[in-house]
Amino acid sequence: MAAAAVGRALRALRVRTMAAGTRGRSAGPPGAVALPQVPLGADPHEEEPMAVAQKKNPDYHGFSADPDADVLNMRAVFFAGVSVAIVLGTVFLHYLPDYGLQQWARREAELQIRERESRGLPLLDPNYYNPARLTLPPPE
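Criteria and thresholds
- Every chain is numbered on its own, with residues counted from 1 as its sequence reads.
- Given that this is a predicted model, residues contribute local features only at a pLDDT of at least 70 and side-chain atom pairs are listed and counted only at 80 or more, while totals for whole chains, interfaces and linings are drawn from all residues.
- To obtain the side-chain values, all non-hydrogen atoms of the structure were included, while hydrogens and water were left out.
- Here a strand is any run of E in DSSP of at least two residues, a helix any run of H or I of at least four, and the numbering for each starts at the N terminus.
- In this description, contact between two residues means that some pair of their heavy atoms is separated by no more than 4.5 Å.
- Residue-level accessible areas treat just the shown protein chains as cover; the underlying method is Shrake-Rupley with a 1.4 Å probe.
- We define a salt bridge as a contact between a side-chain nitrogen of Lys or Arg and a carboxyl oxygen of Asp or Glu at a distance within 4 Å.
- For the exposure calls, accessible area comes from a 1.4 Å probe over protein chains only, and a residue counts as buried if that area is under 20% of its type's maximum, exposed if over 50%, partly exposed in between.
- Geometry of aromatic contacts follows a simple scheme: Phe, Tyr and Trp rings, the Trp one being its six-membered ring, pair when their centres are within 6.5 Å, and the pair is stacked under 30 degrees between planes, edge-to-face over 60, tilted otherwise.
- Scored from 0 to 100, pLDDT reflects the predictor's confidence in each residue.
- Patch membership requires over 30% relative accessible area and the absence of a salt bridge. Like charges are linked within 9 Å, and nonpolar side chains (Val, Leu, Ile, Met, Phe, Trp, Tyr) within 5 Å.
- Here a polar contact means two N or O atoms within 3.5 Å. Within protein one must be a hydrogen donor candidate and the other an acceptor candidate, and residues neighboring in sequence count only if both atoms are side-chain atoms.
- A positive count includes Lys and Arg, and a negative count includes Asp and Glu. His and the chain ends are not counted in either.

Draft legend 1. Region of the structure containing the overall build of the chain. A tally of regular secondary structure across the chain gives four helices and zero strands. Counting from the amino terminus, helix and strand elements in the chain follow one another as α-α-α-α. Summarising the internal contacts of the chain: among those between residues at least 6 apart in sequence, 0% fall at separations of at least 24. Of the roughly 13,100 Å² of accessible surface on the chain, 62% is carried by carbon and sulfur atoms.

In structure tokens form, the structure reads like this:
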């Protein structure tokens, strides 16, 4: 009696798997039976813990099964995360090196201006190089 029930169940399972098709997979040896894929040790009728928590609390954020603790933890994590990102991002940007050398160029220009003013020279000299030290080609 039990053997007949097992045989009927196996035939029904074989027919159901063949109707579903095996496109993209090897069907295996003839007469092979494909068993449903259930993780080892898992009850197929048991729901996942996250689904159960979402049924109890539709606004479930994944921090706690208790709705009040869940909201409190979610707000704390997001507040801390955003605050840390803003503070550390600002500190990071502040301490970036002066890649364009803009600050250095400004300080150097101010030093050059003070030096030229103390010597009594004009700020801009029409001759960038000293013309007496330049060797020019003879005029033709």
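Now that the structure has been shown, we can carry on.
Draft legend 2. Quick peek at the pattern of salt bridges. Here the structure, examined in full by the defined rule, presents two salt bridges. Between R106 and E110 there is a salt bridge; the shortest N-O distance is 2.9 Å. Of this pair, R106 and E110 both sit in helix α4 (residues 102-119), four residues apart, which is roughly one turn of the helix. Put simply, E115 and R119 hold a salt bridge, and the shortest N to O gap is 3.2 Å. One end of the pair is E115 and the other is R119, both in helix α4 and four residues apart, which spans about a single turn. Under the relative-accessibility criterion, E115 is labelled partly exposed at 35%. Here R119 falls in the exposed class, since its relative accessible area comes to 59%.

Draft legend 3. The packing of aromatic side chains, seen in detail. Throughout the structure, instances matching the rule amount to one aromatic pair. Here the aromatic rings of Y128 and Y129 are separated by 5.0 Å at their centres, their planes lie at 90°, and the arrangement is edge-to-face. A single burial state applies to Y128 and to Y129, both of which are exposed.

Draft legend 4. The confidence of the model for the chain, seen in detail. Of all residues in the chain, 72% attain a pLDDT of 70 or more, and the chain-wide mean is 79. When mean pLDDT is compared element by element in the chain, α4 scores highest at 94, while helix α1 (residues 2-20) scores lowest at 64.

Draft legend 5. Representation of a nonpolar patch on the surface. Taken together, the side chains of V84, V87, L88, V91 and Y95 define a hydrophobic patch exposed on the protein surface, amounting to about 510 Å² of accessible area. Structurally, the position occupied by Y95 is in the loop between α3 (67-94) and α4. By relative accessible area, which is 64% here, Y95 ends up exposed.

Draft legend 6. Structural view of the side chain of S64. Tracing the sequence through the fold places S64 in the loop between α2 (49-56) and α3. A polar side-chain atom of S64 sits 3.3 Å from the main-chain amide nitrogen of D66.

Draft legend 7. The side chain of D70, seen in detail. Here D70 is to be found in helix α3. Of the side chains with opposite charge, R75 lies nearest to the buried D70, which makes no salt bridge, at 10.0 Å. Among the polar contacts made by the side chain of D70, one reaches the main-chain amide nitrogen of S64 at a distance of 3.2 Å. Each residue touching D70, except ones within four places of it in the same chain, is listed here: N57, D59, Y60, H61, G62, F63 and S64.

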